[in-house]
Amino acid sequence: MRWRRITWDTNFSGIDELIEEFLMDNPYDHHACLDIGCGLGYSLDKIRELINSDQVYGIDTSRKALVKAKDKSSNVTLICASAECLPFNDKIKFDIIVAGHVLDSSDEEYLKEMLHEVSSYTSLKSRFYMTFDWHEACSLKQNSAPFRNALANSGWEVIHQESYDKANEYLFAHGLFCVAEKN
Ligand SMILES: C[S@@+](CC[C@H](N)C(=O)[O-])C[C@H]1O[C@@H](n2cnc3c(N)ncnc32)[C@H](O)[C@@H]1O
């Protein structure tokens, strides 16, 4: 597995590579993707290649990050928006939602709100790929029950969960990779 160097202005999760590995064992035909909190866009091109689709959307609340993501990514749609208020027509359905190191410090209320919003743009069997960074403030590290409850209450079933811990000269990435499926 390749890992990229962390620079001063990013906290890169490496989620695209975790998704790639997961899809090798669990092939799935994805068509439209929403990357929530796409940040500087490190994962967008890789995800577009993986799902071979031109329907890849990245949203982030930081305009600054999106400007940089725009330079890095091709054929993806970037929008400045927040996960709990998505700027899409409700006819659009995403079969893959990605959130790499975005939800780590969210409380239960926020998670519920965000999952409710995201769920209205997904359909049966859509998949939600997430990583949680195990930093000190990560509320899930202490107790993952609120998150699991919020997922279950919004109709998502966790189908895969693994801890990962990579620290070398190129990267620190340390946390939990989780895949949920909409039922
Ligand atoms: C640590 S970076 C992760 C970047 C990338 N997802 C990755 O996997 O490396 C977290 C990003 O999430 C964005 N973010 C945080 N809360 C958000 C929200 N509610 N909606 C959209 N973006 C959000 C931040 O602006 C930041 O760019």
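Residues numbered from 1 in each chain as written. Predicted model: local features only at pLDDT ≥ 70, side-chain atom pairs only at ≥ 80, totals over all residues.

Asker: Can you walk me through the overall build of the protein in this structure?
Answerer: For the protein, the helix and strand inventory stands at six helices and seven strands. Here the protein holds 183 residues, and the buried ones make up 39% of them. Here the contacts in the protein between residues at least 6 apart in sequence split such that 68% fall between residues at least 24 apart. (Helix = DSSP H or I, 4+ residues; strand = E, 2+ residues; numbered from the N terminus. Buried ≥ 20, exposed ≤ 12 C-beta atoms within 10 Å, placed from the backbone. Contact = placed C-beta atoms within 7 Å.)

Asker: Any chance you could explain the packing of helix α4 (residues 108-119) against helix α6 (residues 145-153) here in plain terms?
Answerer: One way to put it is that α4 packs onto α6 with a least axis distance of 9 Å and a crossing angle of 25°. The angle between α4 and α6 falls in the class roughly parallel. Considering only the axes of α4 and α6, their crossing is right-handed. Contacts between α4 and α6 involve Glu108, Leu111, Lys112 and Leu115 from the first element and Pro146, Phe147, Ala150 and Leu151 from the second. When the residues that make up the contact of α4 with α6 are grouped by side-chain class, the tally is six nonpolar, no polar and two charged. (Axes fitted to C-alpha atoms, helices over the stretch in contact; angles between N-to-C directions. Parallel < 35°, antiparallel > 145°, perpendicular 65-115°, else oblique. Left-handed = near helix turned anticlockwise from the far one by under 90°. Nonpolar A, V, L, I, M, F, W, Y, C, P; charged D, E, K, R; others polar.)

Asker: Just to check I follow, could you spell out helix α3 (residues 63-72) for this structure?
Answerer: Helical geometry note: an α-helix holds 3.6 residues per turn, so side chains three or four residues apart project in the same direction. Here α3 has its buried residues at Ala65, Leu66 and Ala69. Within α3, the buried residues cover an arc of 95° as seen down the axis, which keeps them to one side. The exposed residues of α3 that point more than 90 degrees off its buried face are Arg63, Lys64 and Asp71. Against the buried residues of α3 lie α2 (44-51), β2 (55-60) and β3 (77-80). (Arc of directions from axis to C-beta.)

Asker: Help me understand the nonpolar core, please; the structure alone is not making it clear to me.
Answerer: Side chains that are nonpolar tend, in soluble globular proteins, to be buried together. Cys33, Ile36, Ile97, Val98 and Tyr129 are the most contacted members of the largest nonpolar core, which has 45 residues in total. In terms of residues, this core owes the most to one element, strand β4 (residues 94-100), which gives five residues. The residues contacting Cys33, other than those within four sequence positions of it, are Ile47, Ile51, Ser53, Gln55, Val56, Tyr57, Phe94, Ile96 and Val98. (Core = buried A, V, L, I, M, F, W, Y, C linked by C-beta atoms within 7 Å.)

Asker: What exactly am I supposed to notice about the pairing of strand β1 (residues 32-36) here?
Answerer: On a regular strand, one side chain projects to one face of the sheet and the next to the other, so that they alternate. Within β1, four of the five residues are buried, which leaves it mostly tucked inside the rest of the structure. Sheet analysis places β1 next to β2, joined by five bridges and oriented parallel. Across the sheet, the residue bridging to Ile36 is Ile59, located in β2. In this fold, β1 hands off to α2, which returns the chain to β2; that crossover is right-handed. As judged from the three bridges shared by β1 and β4, these two strands associate in the parallel manner. Across the sheet, residue Asp35 finds its bridge partner in β4, namely Val98. (Pairing = 2+ DSSP bridges. Right-handed = clockwise from strand over helix to strand, strands pointing away.)

Asker: I'm lost on the confidence of the model for the protein in this one. Help?
Answerer: Detail in the predicted coordinates should be disregarded across regions flagged by low pLDDT. Scored by pLDDT, the protein comes out at a mean of 86, with 86% of its residues at no less than 70. Between residues 1-9, whose pLDDT stays under 50, and residues either more than four places distant or in other chains, the model counts 18 contacts. (pLDDT = per-residue confidence, 0-100.)

Asker: Help me understand α6, please; the structure alone is not making it clear to me.
Answerer: Listing the buried residues of α6 in full gives Phe147, Ala150 and Leu151. Projected down its long axis, α6 carries its buried residues within an arc of 100°, all on one side. Across α6 from its buried face, at more than 90 degrees, point the exposed residues Ala145 and Asn153.

Asker: Explain the packing of helix α1 (residues 15-25) against α2 here, please?
Answerer: Helices that pack against each other are described as a pair by the angle of their axes relative to one another and the distance between those axes. Their axes nearest at 9 Å, the elements α1 and α2 cross at an angle of 15°. Judged by the angle between their axes, α1 and α2 are roughly parallel. In this structure, α1 crosses over α2, and the sense of that crossing is left-handed. Counting all contacts with α1, which are made through Asp16, Ile19, Glu20 and Leu23, the residues of α2 involved are Lys46, Ile47 and Leu50. Split by residue class, the contact of α1 with α2 holds four nonpolar, no polar and three charged.

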